[in-house]
Amino acid sequence: MIALIDVNNFYVSCQRVFQPVLEGKPVVVLSNNDGCVVARSNEVKALGVRMGHPWHQLRDMADQYGILAFSSNYALYADMSNRVMQVLAEFSPDQEVYSIDECFLGLGGLASVYPDFTVLGQTIRHTVRQATRLPVCVGIAPTKTLAKFANHLAKKRPVFAGVCDWDVLSPASRQQYLLDVEVGEVWGVGPRISKRLNSEGIHCVADLARADPEQIRQRYSVVLQRTVLELNGVSCLALEDHAPDKQQILCSRSFGQPICRYRELAEAVSTYVARAAEKLRKQQSLAGGLAVYIRTNPFRPDDPQYSKHIAVPLSQASDDTLLLTRAALWVLKRIYRRGFSYAKAGVMLLDLQPRTGIQGYLFAEQADPLKRALLNDTMDAINRRWGRGTLRVASTGNNQSWKMRQNLVSPCWTTRWDEIPVAKA
DNA sequence: TCTGGGGTCCTAGGACCC
DNA sequence: TCTGGGGTCCTAGGACCC
């Protein structure tokens, strides 16, 4: 048996933990640059605001209904996520952290510890609430896909009070739920596939569950075949208890305002490389290649449009910020065109490989790799202690006019001493 | 004025090998 | 008229997830 636990309206709930006055009010959290709605409270969902909707188009509505908006505060969400995962890890030795706000717990072999999984689910809800003030829902089932489905029911149907154990439902009520829910709600069935399924007579989850897996594989893909099997209780997706290393690392941002000059693009690209290289060193990998892209604003079709992306291999795999920066700026110089108004840039580290067991290179360009490694480690240590960007490469610039907008950001209540909440008597 | 960021997996098709 | 069989590796594109 597998449990799926996820936090309700995660980013919004994090904001509410430290601002209880937001409870019961319509609240949204915005993407970087205060661009799109990426989290909604139930009150906002009830108003019909869609996920990913551009915020600037909702201004009038926000005024009318008193919707409160916050910039994304990832320092806060990441810290709250760690707390939740730590609490949940106490309930099972098998935990797969699936995303910032959800995880699977393996319950196999724990039936003697937890004789009633519904009771366990309620205990989990209560414990997480107690430790973090965050609300979670729990779905329990024999496969991941069914656990996701059970979690969906736990969230949407008040009768479950936040916990749905698929196994204790009667066959008749299971069938009813499968009939009630649209196929597009199933984990792994996105908009494209559900449209196609609909056109072929598969509308609800029950339709998909009783489809012939072999035919589904032939007509769609092995991925959807697995989904069908999982809906029938045949486990095809294993619990992955330790996260595999990333195969690629991306850092990209839209700019707070459009920029034209190479100099400014170079600042942004240098900044993104530094961030990506930090992630790379954290997982102890080396990049064998790197790509850079820049683009204008596609939402202004009347402006001249340009978008270019080039990937290059490195002569020797590396995790050195200086070397990667030099390579990225080399690429940028080749893709930059004068006369465009750029809206976004990105850096991708490719062909990642473990730091150990690397083939040496006869014609190494780096003067002293050990010294350079020490430099990077020192830079990481300083930035960990004193804050990101305390020590950085000069090409990242000084005033950073392109920096993203974050006008509505809340304090980092849990990760900065000077922003820690104060209780007044 | 204003439209996010970061990933994964699978498949088809082409290049190449013997 | 008629042109094999069996394989690997790589890449681009499409789908999905949060």
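Relevant structure appears above.
Source: prediction; values computed, not measured.

Thresholds, definitions, all that
- Residues numbered from 1 in each chain as written.
- Chains lettered and ligands numbered in written order.
- Predicted model: local features only at pLDDT ≥ 70, side-chain atom pairs only at ≥ 80, totals over all residues.
- Heavy atoms only, no water.
- Pairing = 2+ DSSP bridges.
- Helix = DSSP H or I, 4+ residues; strand = E, 2+ residues; numbered from the N terminus.
- Axes fitted to C-alpha atoms, helices over the stretch in contact; angles between N-to-C directions.
- Near = heavy atom within 4 Å.
- Polar contact = N/O pair within 3.5 Å; in protein donor to acceptor, adjacent residues only side chain to side chain.
- Nonpolar A, V, L, I, M, F, W, Y, C, P; charged D, E, K, R; others polar.
- Salt bridge = Lys/Arg side-chain N within 4 Å of Asp/Glu carboxyl O.
- Buried < 20%, exposed > 50% of the residue type's maximum accessible area, 1.4 Å probe, protein only.
- Contact = heavy atoms within 4.5 Å.
- Parallel < 35°, antiparallel > 145°, perpendicular 65-115°, else oblique.

Draft legend 1. Spotlight on the sheet that holds strand β10 (residues 285-296). The strand order across the open sheet formed by four strands is β9-β12-β10-β11, and the pairing between neighbours is antiparallel. A single partner strand is all that each edge strand has here, and the edge strands are β9 (249-259) and β11 (307-318). On average, each strand axis in the sheet is inclined to that of its neighbour by 15°, with strand direction left out of account. In this structure, β9 lies alongside strand β12 (residues 342-354), joined through seven bridges in antiparallel fashion.

Draft legend 2. How the structure looks around the protein's contact with DNA strand C. Of all residues adjacent to DNA strand C, which total 13 residues, the nearest are Lys148, Gly188, Gly190, Arg192 and Ile193. Of everything in DNA strand C that lies within 4 Å of the protein, sugar and phosphate atoms constitute 100%. Take Lys148: an N or O atom from its side chain is 2.7 Å from a phosphate oxygen of DNA strand C. Measuring from a phosphate oxygen of DNA strand C, one finds a backbone N or O atom of Gly190 at 3.0 Å. Mapped by element, the contributors of at least two residues to the surface near DNA strand C are β5 (95-99) and α8 (191-199). Looking at the surface near DNA strand C, the element that brings in the most residues is α8, giving three residues. Here the residues of the surface near DNA strand C sort into six nonpolar, three polar and four charged.

Draft legend 3. Representation of the pattern of salt bridges. As enumerated under the stated definition, the model contains 19 salt bridges in all. The partner of Glu43 in a salt bridge is Arg16, with the nearest N and O atoms 3.0 Å apart. On the criterion of sequence distance, the pair formed by Glu43 in helix α2 (residues 42-46) and Arg16 in helix α1 (residues 10-18) is long-range, its members being 27 residues apart. Look at Glu43 and you get partly exposed, because its relative accessible area is 27%. Take Arg16: its relative accessible area is 10%, and that puts it in the buried class. Because the salt bridges share partners, they merge into one network encompassing Arg16, Glu23 and Glu43.

Draft legend 4. Summary view of the environment of Gly387. Its location among the elements puts Gly387 in the segment after α14 (369-386). Each C-alpha atom, one on Gly387 and one on Arg416, is 9.7 Å from the other, the two residues being 29 residues apart in sequence.

Draft legend 5. Examining the side chain of Arg281 more closely. Summarising the element assignment, Arg281 is placed in helix α12 (residues 262-282). In this structure the side chain of Arg281 is engaged in a polar contact, spanning 2.7 Å, whose partner is the side chain of Asp380. Residues in contact with Arg281, not counting those within four places in the same chain, are Asp319, Asp320, Thr321, Arg355, Asn376, Met379 and Asp380.

Draft legend 6. Region of interest: the environment of Leu237. Looking at where Leu237 falls in the secondary structure, it is placed in the loop between α11 (222-231) and β9. For Leu237 and Arg226, which are eleven residues apart along the polypeptide, the C-alpha to C-alpha distance reads 7.9 Å. If we ignore the near neighbours within four places in the chain, the residues touching Leu237 are Lys144, Thr145, Trp187, Arg226 and Glu230.

Draft legend 7. Up close: the pairing of strand β7 (residues 136-141). Along β7, six of the six residues are buried, which leaves the element largely enclosed by surrounding structure. Neither face of β7 is open: one carries Val136, Val138 and Ile140, the other Cys137, Gly139 and Ala141, and all of them are buried. Relative to β7, strand β1 (residues 2-7) runs antiparallel, the two being bridged by six bridges. Note on β7: the bridge partner recorded for Ile2 is Ala141. Two strands pair when backbone bridges link them, and β7 and strand β8 (residues 163-165) are joined in this way by three bridges, in the parallel orientation.

Draft legend 8. Local environment of the side chain of Glu102. With respect to the helices and strands, the residue Glu102 is situated in strand β6 (residues 102-106). In this structure Glu102 comes out as buried when scored by relative accessible area, which is 9%. In this structure the side chain of Glu102 is engaged in a polar contact, spanning 2.7 Å, whose partner is the side chain of Lys148.

Draft legend 9. Just the packing of helix α13 (residues 321-335) against α14, in detail. Following both chains from N to C, one finds α13 and α14 inclined at 95°, their axes separated by 9 Å at the closest point. It follows from the interaxial angle that α13 and α14 lie roughly perpendicular. Contacts from Thr321, Leu322 and Leu323 of α13 reach α14 at Arg372, Leu375, Asn376 and Met379. Grouping the amino acids of the contact of α13 with α14 by side-chain chemistry returns four nonpolar, two polar and one charged.

Function-wise, these values are silent; they only describe arrangement.
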